[in-house]
Amino acid sequence: MSAAYFITGTDTDVGKTTIAAGLLHAARQAGKSTAAGKPVASGCELTPKGLRNADALALLAECSLPLTYAEVNPLAFEPAIAPHLAAREAGVALTVQALLTPMQQILAKHADFTLIEGAGGWRVPLADQDNLSDLAKALQLPVILVVGVRLGCINHALLSAEAIARDGLPLAGWVANIIDPKTSRLEENLGTLAERLPAPCLGRVPRLKQPSAEAVAGYLQLDLLD
């Protein structure tokens, strides 16, 4: 059976792509076919083949199905700024509808395990009053939350979980990505997250010198997902 999830983070720079690539790698190790989408990405590099985003490339590298870069990341912008601002400067209408069809096409490939990765946290603005969370709602995907473990992460995680629930989507699981291993009372913080988040912890990923998808996959448990 195919399974698909929308993966988001408690903030920007919490290692969302690192965890997403690890989850995809773990699925491949389990013999599953994989696909992924990064509907919008800013902070892209201009290459001879066009704009390319490092996060989207990392996801593409873990897709076992034959996908093109444009399929994985249909909207790419060069400035490393909020996507809705980058789109506005480029004269592009960044709407849910513009992102929905290409992501539906990814899901229609029916990989055993598919991830659609957001940008930043849950309430990232798009054009008008749309948010990237509205795309997750339109796709009706369960959500995986990457918690960047550092001071303040409990508040960010619980508020994110509340917003996801308010939007009517199930929280399928969460991953503790240890951004600051020197966080005071680390184990107690992780215990509080486990007690209060209404979903299983799919793994604790320590701060790695080389956070490759293969290395991260070793800390994750896909079998805890529904």
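Everything quoted here is computed from the prediction, not taken from an experiment. (Residues numbered from 1 in each chain as written. Predicted model: local features only at pLDDT ≥ 70, side-chain atom pairs only at ≥ 80, totals over all residues. Heavy atoms only, no water.)

Would you mind showing me how to read the overall build of the chain here?
Assigned secondary structure in the chain consists of 9 helices and 10 strands. Along the first, second and third principal axes, the C-alpha atoms of the chain reach 45 × 40 × 35 Å. Out of the 226 residues in the chain, the part that is buried amounts to 51%. Accessible surface for the chain amounts to roughly 10,600 Å². Of this, 51% is attributable to carbon and sulfur atoms. (Helix = DSSP H or I, 4+ residues; strand = E, 2+ residues; numbered from the N terminus. Buried < 20%, exposed > 50% of the residue type's maximum accessible area, 1.4 Å probe, protein only. Areas by Shrake-Rupley, 256 points an atom, 1.4 Å probe, with all protein chains shown as cover.)

Quick question: what am I supposed to make of the UniProt feature "binding site: Mg(2+)" (unreviewed entry) in the chain here?
Feature annotation in UniProt places "binding site: Mg(2+)" (unreviewed entry) on Thr17, Asp55 and Glu117, given in this structure's numbering. Across 101 residues, the annotated set stays spatially compact, with a maximum C-alpha separation of 9.5 Å. The subset of these annotated residues that lines the largest pocket comprises Thr17, Asp55 and Glu117. With respect to the helices and strands, the residue Thr17 is situated in helix H1 (residues 16-29). Tracing the backbone through its elements, the reader meets Glu117 in strand E7 (residues 113-117). Residue Glu117 is classed as buried on the basis of its relative accessible area, which comes to 1%. If sequence neighbours within four positions are ignored, Glu117 has contacts with Ile7, Lys16, Thr17, Ala20, Gly37, Lys38, Pro39 and Leu59. Within the local environment of Glu117, its side chain forms a polar contact with the side chain of Thr17, the two groups lying 2.6 Å apart. (UniProt positions renumbered as here; feature names shortened; annotations may be inferred. 1 Å grid on protein atoms, 1.4 Å probe; cavity = no way out; pocket = protein on both sides within 12 Å on 5 of 7 lines; lining within 4 Å. Contact = heavy atoms within 4.5 Å. Polar contact = N/O pair within 3.5 Å; in protein donor to acceptor, adjacent residues only side chain to side chain.)

What should I look at first to understand the packing of helix H5 (residues 96-107) against helix H6 (residues 132-139) in this one?
Two quantities define a packed helix pair, namely the angle between the helix axes and the distance between the axes. Relative orientation of the contacting elements H5 and H6 amounts to 45 degrees, with a least axis distance of 10 Å. Between H5 and H6, the crossing angle belongs to the class labelled oblique. Taken as a pair, H5 and H6 cross one another with a handedness that is right-handed. Where H5 abuts H6, its residues Val96, Leu99, Leu100, Met103, Gln104 and Leu107 lie against Leu132, Asp134, Leu135, Ala138 and Leu139. Looking at side-chain class alone, the contact of H5 with H6 contains 9 nonpolar, 1 polar and 1 charged residues. (Axes fitted to C-alpha atoms, helices over the stretch in contact; angles between N-to-C directions. Parallel < 35°, antiparallel > 145°, perpendicular 65-115°, else oblique. Left-handed = near helix turned anticlockwise from the far one by under 90°. Nonpolar A, V, L, I, M, F, W, Y, C, P; charged D, E, K, R; others polar.)

Any chance you could explain helix H2 (residues 54-61) here in plain terms?
Since the α-helix packs 3.6 residues into each turn, any two residues three or four apart lie on the same face. For H2, the set of buried residues is Ala56, Leu59 and Leu60. One face of H2 carries all of its buried residues, which in axial projection span an arc of 100 degrees. Residues of H2 that are exposed and point more than 90 degrees away from the buried face comprise Ala54 and Ala61. In the core, the buried residues of H2 are packed alongside H1, strand E2 (34-37), helix H3 (69-72) and E7. In this structure Asn53 caps H2, since a side-chain oxygen of it lies 2.9 Å from the backbone nitrogen of Asp55. (Arc of directions from axis to C-beta.)

When you look at the pattern of salt bridges in this model, what are you seeing that I'm missing?
Opposite charge on two side chains allows them to pair when their charged atoms are near. Overall, the coordinates contain 7 salt bridges when judged by the stated rule. Arg123 is paired through a salt bridge with Asp167; the nearest N and O atoms lie 2.8 Å apart. With a gap of 44 residues between them, Arg123 in the loop between E7 and H6 and Asp167 in the loop between helix H7 (153-166) and strand E9 (171-178) connect regions that are remote in the sequence. Here Asp134 makes a salt bridge to Lys137, at a shortest N to O gap of 3.8 Å. (Salt bridge = Lys/Arg side-chain N within 4 Å of Asp/Glu carboxyl O.)

Hey, could you run me through the nonpolar core in this one?
Generally speaking, nonpolar side chains in soluble globular proteins are found buried as a group. Counting residues in hydrophobic clusters, the biggest one holds 76 residues, and the most contacted among them are Leu23, Phe113, Leu132, Leu135 and Val147. With residues near it in sequence (within four places) discarded, Leu23 still touches Ile7, Phe113, Leu115, Ile144, Leu220 and Leu222. (Core = buried A, V, L, I, M, F, W, Y, C linked by side-chain atoms within 4.5 Å.)

Before we go on, may I ask you to explain the environment of Leu94 in this structure?
Examined against the element boundaries, Leu94 turns out to sit in the loop between helix H4 (83-90) and H5. Judged by relative accessible area, which is 2%, Leu94 ranks as buried. Sequence-distant contacts of Leu94, that is, excluding residues within four places in its chain, are made with Val40, Leu75, Pro83, His84, Ala87, Leu99, Leu126 and Ala127.

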